[in-house]
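Close look at the chain arrangement
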Amino acid sequence: LRGYTEHHAPLTAAESLDRLLRRMRVDGAMIPADFDERAAFYRDLLRHRRMLLVLDNAHDTTQVRPLLPDADGCAVIATSRRRLTALDDAVALPLDILAQHEAIELFRSVAGRDRLLNEHGADERLGHVIDLCGRLPLAIRIAAGRYRARDKGSLADLEEKLSDEGERLTELDDEDRS
């Protein structure tokens, strides 16, 4: 939904409905131009389907509410940086940072397990690197990707770069993922 996508405005509910309908193989000529009619048309289509709808990166509830089906066979997962408390029947599942072992596994899977085998003191350094990433999945992915991309770079080099508080955010900047 591009709620927090840099350099892009969030999709409106009308745009999202149009996209959802087209992805459900509805001919564009059949999609109502009027927003309320479009929403009703969408809900009618879902009444006889079983569907899990993932609404990723929502900006707010006004963007999400018109996309919610009223069919018994449908469920929705909406992700957002905000708590969407105005969605009456929603169950909030706040996510915490990764556990140490999960963070290490994520780093290893992105960086390449073989690459870490030859690193002196890899376990201790890796623990420090993921702590410097705040055990946040995106930061760990970016750091592990940088490590993987630097053929001659070591885990110690990455640890040193991340240890510099003035450079840490620069090191974790990865174009549109930062």
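So, here is what we can say about the structure in this document. Remember, predicted model here, so these are calculated numbers, not experimental data. (Residues numbered from 1 in each chain as written. Predicted model: local features only at pLDDT ≥ 70, side-chain atom pairs only at ≥ 80, totals over all residues. Heavy atoms only, no water.)

Side note on the overall build of the protein
Helix and strand content of the protein: nine helices and two strands. Taking 178 residues into account, the globule formula puts the C-alpha radius of gyration at 16 Å, and the protein, at 21 Å, lies well above it. Overall size of the protein, expressed as C-alpha extent along the three principal axes, is 65 × 30 × 30 Å. Counting across all 178 residues of the protein, residues that qualify as buried make up 34%. Within the protein, contacts between residues at least 6 apart in sequence are counted, and of these 55% link residues at least 24 apart. Working note: accessible area of the protein is about 11,700 Å², and carbon and sulfur atoms make up 49% of it. (Helix = DSSP H or I, 4+ residues; strand = E, 2+ residues; numbered from the N terminus. Rg over C-alpha atoms; globule rule 2.2 N^0.38 Å. Buried < 20%, exposed > 50% of the residue type's maximum accessible area, 1.4 Å probe, protein only. Contact = heavy atoms within 4.5 Å. Areas by Shrake-Rupley, 256 points an atom, 1.4 Å probe, with all protein chains shown as cover.)

Considering a negative patch on the surface
A cluster of like negative charges, contributed by Asp157, Glu160, Asp164, Glu165 and Glu167, occupies part of the molecular surface. Listing elements by their share of the negative patch, those giving two or more residues are helix H8 (155–163) and helix H9 (165–171). Mapped onto the elements of the fold, Glu165 is located in helix H9. Relative accessible area serves as the criterion here: at 66%, Glu165 is assigned to the exposed category. (Patch = residues over 30% accessible without salt bridge, like charges linked within 9 Å, V, L, I, M, F, W, Y side chains within 5 Å. Salt bridge = Lys/Arg side-chain N within 4 Å of Asp/Glu carboxyl O. Lys, Arg positive; Asp, Glu negative; His and termini not counted. Charge placed at Lys NZ, Arg CZ, Asp CG, Glu CD.)

Some thoughts on empty space enclosed by the protein
Counted by the stated rule, this structure contains one cavity of 30 Å³ or more. In this structure, the largest cavity occupies an estimated 30 Å³ of space. In this structure, the largest cavity is lined by Tyr147, Arg150, Gly153, Ser154, Asp157 and Leu158. Looking at the lining of the largest cavity residue by residue, the class counts come to two nonpolar, two polar and two charged. (1 Å grid on protein atoms, 1.4 Å probe; cavity = no way out; pocket = protein on both sides within 12 Å on 5 of 7 lines; lining within 4 Å. Points joined across faces, edges and corners; volume = space filled by probe spheres on them. Nonpolar A, V, L, I, M, F, W, Y, C, P; charged D, E, K, R; others polar.)

A word on the pattern of salt bridges
If the charged atoms of two oppositely charged side chains come close together, the side chains can form a pair. Taken as a whole, this structure holds eight salt bridges when the rule is applied. Between Arg108 and Asp123 there is a salt bridge, and its shortest N-O distance comes to 3.0 Å. Here the residue Arg108 occupies a position in helix H4 (residues 100–111), and Asp123 occupies one in helix H6 (residues 122–132), the gap between them amounting to 15 residues. In this structure Arg108 comes out as partly exposed when scored by relative accessible area, which is 26%. Among the salt bridges present, the one from Arg146 reaches Glu171, with a minimum N-O distance of 3.9 Å. One end of the pair, Arg146, is in helix H7 (residues 137–149); the other, Glu171, is in helix H9, and 25 residues separate them in sequence.

Quick look at the layout of surface pockets
Each pocket or cavity is described by its volume, and for the largest pocket that value is around 1,600 Å³. Together, 36 residues line the largest pocket, and Ala78, Thr79, Ser80, Arg81 and Arg82 are the ones closest to its centre. Put simply, the parts of the chain that give the lining of the largest pocket at least two residues each are strand E1 (51–58), strand E2 (74–80) and H7.

Digging into the nonpolar core
Counting residues in hydrophobic clusters, the biggest one holds 24 residues, and the most contacted among them are Phe107, Ile140, Leu155, Leu158 and Leu162. Broken down by secondary-structure element, the contributors of at least two residues to this core are H4, H6, H7 and H8. Non-local contacts of Leu162, meaning those with residues more than four positions away in its chain, are made with Val129, Leu132, Cys133, Ala143, Arg168, Glu171 and Leu172. Residues Leu1, Leu67, Ala71 and Leu84 belong to the second largest nonpolar core, which totals 19 residues. (Core = buried A, V, L, I, M, F, W, Y, C linked by side-chain atoms within 4.5 Å.)

Examining a nonpolar patch on the surface
Taken together, the side chains of Leu52, Val54 and Ile77 make up a nonpolar region of the molecular surface, amounting to roughly 290 Å² of accessible area. Considering the arrangement of structural elements, one finds Leu52 in strand E1. The exposure class assigned to Leu52 is exposed, which follows from its relative accessible area of 54%.

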